[in-house]
Amino acid sequence: DMTLEELYRTHYKHFIYKIYPYLHSYDVAEEVVQDAFIKAFTKLDTYDPEKGQIKNWFHSLLFSVLWGHKRAMKKVICSNNPEGLEHIIDVNRDSFPLFDNIENLFHKKILTTYFVLGYTYGETAEVCNVGKHNVKKIVQRFKKQFVLRE
């Protein structure tokens with residue numbers, strides 16, 4: 001059986017790549033994994049080797065931290081505070097410079113939720129309090145206008 005320190009040394013990158021599809025950002029995934037290891041070190045006394053391997057215990061802890069992070073991001077996106085939304089746009093501007101050209105704050109909110117946070121059409125519609133059809137329309141218009149020039 002391995003220790004938490006050994007798990008960190010041998011599986012750190014693996015955990016980043018495991019949660020990357022949920023976040024679509026390597027930097028954010030790395031931050032979540034770091035937070036999960038910090039939490040694991042502080043809660044190590046709750047780990048019971050008789051119930052399973054430390055890797056499995058950490059895996060469930062990691063996904064708990066991941067969902068907490070996504071809920072926190074959802075709260076920021078959902079807030080009516082445009083400054084909160086602009087903060088998210090600024091943080092992700094290197095990845096999505098085309099958002100600079102979008103003046104409609106509501107469209108930025110939808111596109112950020114869909115592309116940056118990786119939410120589905122349905123999840124984006126729920127978070128932004130708009131119909132799923134409208135989300136699809138805005139995303140497809142954005143792709144056609146800025147991304148997919150085939």
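Scope of this entry: the structure provided in the associated data block. Please read all numbers here as calculations on a predicted model, not as lab measurements.

Rules used in this analysis
Residues numbered from 1 in each chain as written. Predicted model: local features only at pLDDT ≥ 70, side-chain atom pairs only at ≥ 80, totals over all residues. Heavy atoms only, no water. Helix = DSSP H or I, 4+ residues; strand = E, 2+ residues; numbered from the N terminus. Buried < 20%, exposed > 50% of the residue type's maximum accessible area, 1.4 Å probe, protein only. Axes fitted to C-alpha atoms, helices over the stretch in contact; angles between N-to-C directions. Parallel < 35°, antiparallel > 145°, perpendicular 65-115°, else oblique. Left-handed = near helix turned anticlockwise from the far one by under 90°. Contact = heavy atoms within 4.5 Å. Nonpolar A, V, L, I, M, F, W, Y, C, P; charged D, E, K, R; others polar. Expected span 1.5 Å × (residues − 1). Bend = angle between axes of the 7 residues up to and from the residue.

### Some words on unusual backbone geometry
No. 1: We note that N129 has phi near 60°; this positive angle belongs to a residue other than glycine.
No. 2: With respect to the element layout, N129 can be found in the loop between α6 (121-128) and α7 (132-147).
No. 3: Classification of N129 by relative accessible area gives exposed; the value is 71%.

### Brief notes about the packing of helix α1 (residues 4-23) against helix α2 (residues 26-42)
No. 1: Viewed as axis vectors pointing N to C, α1 and α2 meet at an angle of 140°, and their least axial separation amounts to 8 Å. Classed by the angle they form, the pair α1 and α2 counts as oblique. When you trace α1 past α2, the crossing you get is right-handed. The segment α1 lies against α2, with L4, E5, L7, Y8, Y12, K13, F15, I16, Y17, I19, Y20 and L23 engaging Y26, V28, A29, E30, V32, V33, Q34, F37, A40 and F41.
No. 2: Split into classes, the residues belonging to the contact of α1 with α2 amount to 18 nonpolar, one polar and three charged.

### Remarks on α1
No. 1: Look at α1: only 24 Å from first C-alpha to last across 20 residues, short of the 28 Å you get at 1.5 Å a residue.
No. 2: Of all the bends found along α1, the most pronounced is centred on H11 and spans about 65°.
No. 3: Considered for burial, the residues of α1 that qualify are L4, L7, H11, Y12, F15, I16, I19 and L23.
No. 4: Positive phi appears at H24, one or two residues downstream of α1, with a value of about 60°.

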